[in-house]
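Breakdown of the fold
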Amino acid sequence: MSTTDALIDAVTREVLAALAGKGACDCSDPACQGACAAHCADRVRSVVSTGAGRISYSGNGADVPRDLARFIDHTLLRPDATADDIDTLCDEARTFGFAAVCVNPTWVRRCAQRLRGSDVRVASVVGFPFGATTTEVKAMETRRAIRDGAREIDMVINVGALKSGDHELVRRDIEKVSDACREAGAITKVIIETAYLTDEEKVVSSHLAKVARADFVKTSTGFGPGGATAHDVLLMRETVGPKLGVKASGGIRSAE
């Protein structure tokens, strides 16, 4: 076993031991559909209290309690989103004080222009939604999004490489995107897609993101089989420590 794998194994055992007995939430309330901050505000506050620094939201901005607005990345990543939809997203973010809008790369320049002069940041996605593009392509995509005005990048890890045990590839993948962000003073969020992972793999991928100097770890793309749970947020927070951000994306359903 290599030094890196031995360290990951030790971190995994420590985190899982710390979380023993803490169950995941499991609710299928169809009313939320990405708008949990409005429909389940108390439940979202519960998840924030476990360590989430950001959450995703794709509903009506007027419905969000003011105390939660600053945690929200107002997100629109549907392939059928129109220019008018994107403009509405930006206007809601400005009006209600959201942290950022998160859009596909093709809309970054439009968002940056529309939000000029506001405190709302523009975030974009890289290797989205599958994470299966090469490291070089992810780095290039990152630099282009930043050049167009993005100040936060939500990248998807190579899930297949992680599940194959190729931790070095996953680390390098994150590192190259993180380096591209640091060159421009942008923030890196690493989507580990928790619904595809075991608890051990969630710990490993979160630890690799920390080693690769990312700024956040994030639960989900919203295109996988499930979203965030309080258990996953706590697991990720325990792994990365108090300084890295943790973004809960979708699936926030119950008070537990």
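Parameters at a glance
- Residues numbered from 1 in each chain as written.
- Predicted model: local features only at pLDDT ≥ 70, side-chain atom pairs only at ≥ 80, totals over all residues.
- Heavy atoms only, no water.
- Helix = DSSP H or I, 4+ residues; strand = E, 2+ residues; numbered from the N terminus.
- Buried < 20%, exposed > 50% of the residue type's maximum accessible area, 1.4 Å probe, protein only.
- Contact = heavy atoms within 4.5 Å.
- Areas by Shrake-Rupley, 256 points an atom, 1.4 Å probe, with all protein chains shown as cover.
- Pairing = 2+ DSSP bridges.
- Axes fitted to C-alpha atoms, helices over the stretch in contact; angles between N-to-C directions.
- Phe/Tyr/Trp six-rings, centres within 6.5 Å; stacked < 30°, edge-to-face > 60°.
- Core = buried A, V, L, I, M, F, W, Y, C linked by side-chain atoms within 4.5 Å.
- Parallel < 35°, antiparallel > 145°, perpendicular 65-115°, else oblique.
- Left-handed = near helix turned anticlockwise from the far one by under 90°.
- Right-handed = clockwise from strand over helix to strand, strands pointing away.
- pLDDT = per-residue confidence, 0-100.
- Expected span 1.5 Å × (residues − 1).

Our next topic: the overall build of the protein. Scanning the protein for helices and strands turns up eleven helices and eight strands. Taken across its 256 residues, the protein has 54% of its residues classed as buried. Of the contacts made within the protein by residues no fewer than 6 positions apart, 68% connect residues no fewer than 24 positions apart. With the model as given, the accessible surface of the protein reaches about 11200 Å², and the carbon-plus-sulfur share is 50%.

Next up on the list: the sheet that holds strand β5 (residues 152-156). Pairing is parallel around the closed barrel formed by eight strands, whose spatial order is β1-β2-β3-β4-β5-β6-β7-β8. Direction aside, the axes of adjacent strands within the sheet are offset by 25° on average. As defined by bridge partners, strand β1 (residues 54-57) adjoins strand β2 (residues 72-76) across three bridges and the pair is classed as parallel. What sits directly across from Ser 56, in β2, is Asp 73.

One pass over the full model with this rule turns up two aromatic pairs. With a centroid separation of 6.4 Å and 40° between ring planes, the pair formed by Phe 96 and Phe 98 is classed as tilted. Overall, the relative accessible area of 19% leaves Phe 96 in the buried class. Judged by centre distance (5.3 Å) and plane angle (90°), the rings of Phe 128 and Phe 223 are edge-to-face. Residue Phe 128 is located in the loop between β4 (121-126) and α7 (135-148), and its partner Phe 223 is located in the loop between β7 (216-218) and α11 (230-240); the two are separated by 95 residues in the primary sequence.

Nonpolar side chains tend toward joint burial in soluble globular proteins. If you look at the biggest cluster of nonpolar residues, it comprises 61 residues, and the most contacted ones within it are Ile 86, Phe 98, Val 101, Ile 153, Ile 157, Ile 174 and Val 190. For this core, the element with the highest residue contribution is helix α5 (residues 83-96), accounting for five residues. Sequence-distant contacts of Val 101, that is, excluding residues within four places in its chain, are made with His 74, Leu 89, Cys 90, Ala 93, Cys 111, Leu 115, Val 120, Arg 121, Val 122 and Ala 123. Listed in part, the seven residues of the second largest apolar core include Leu 77, Cys 102, Ala 123 and Val 125.

As a further point, take the packing of helix α9 (residues 167-184) against helix α10 (residues 199-211). Two elements in contact, α9 and α10, have axes separated by 9 Å at closest approach and are oriented at 45°. In terms of axis orientation, α9 runs oblique to α10. Relative to α10, the crossing made by α9 is right-handed. Where α9 approaches α10, its residues His 167, Val 170, Arg 171 and Ile 174 are matched on the opposing element by Val 204, Leu 208, Ala 209 and Val 211.

What follows deals with the pairing of β5. Burial analysis of β5 places five of its five residues in the buried class, the great majority of the element. Of the two faces of β5, the one carrying Glu 152, Asp 154 and Val 156 and the one carrying Ile 153 and Met 155 are both buried. Looking at chain direction, β4 and β5 are connected through four bridges and run parallel. By the bridge assignment, Ala 123 is partnered in β5 with Glu 152. In this view, the connection linking β4 to its parallel neighbour β5 by way of α7 has right-handed handedness. Relative to strand β6 (residues 187-191), β5 runs parallel, the two sharing five bridges. Directly across from Met 155, in β6, lies its bridge partner Val 190.

Low pLDDT marks stretches whose predicted atomic positions should not be read closely. Of the residues in the protein, 82% have a pLDDT of 70 or more, and the chain-wide mean is 86. Low pLDDT, under 50, characterises residues 21-27; the stretch is placed with ten contacts to residues that sit more than four places away or in other chains.

Here we come to α10. Spanning 13 residues, α10 covers 18 Å between terminal C-alpha atoms, matching the ideal 18 Å at 1.5 Å per step. Looking only at α10, the buried set comprises Glu 201, Lys 202, Val 203, Val 204, Ser 205, Ser 206, His 207, Leu 208 and Ala 209. Once α10 ends, the next one or two residues include Arg 213, with phi positive near 65°.

Here we take up the environment of Leu 208. In this fold, Leu 208 is placed in helix α10. Here the alpha-carbon distance between Leu 208 and Glu 168, two residues 40 residues apart in the chain, equals 8.7 Å.

Within the fold, Val 211 resides in helix α10. Once the C-alpha coordinates of Val 211 and Arg 171 are considered, the two residues, 40 residues apart in sequence, prove to be 7.5 Å apart.

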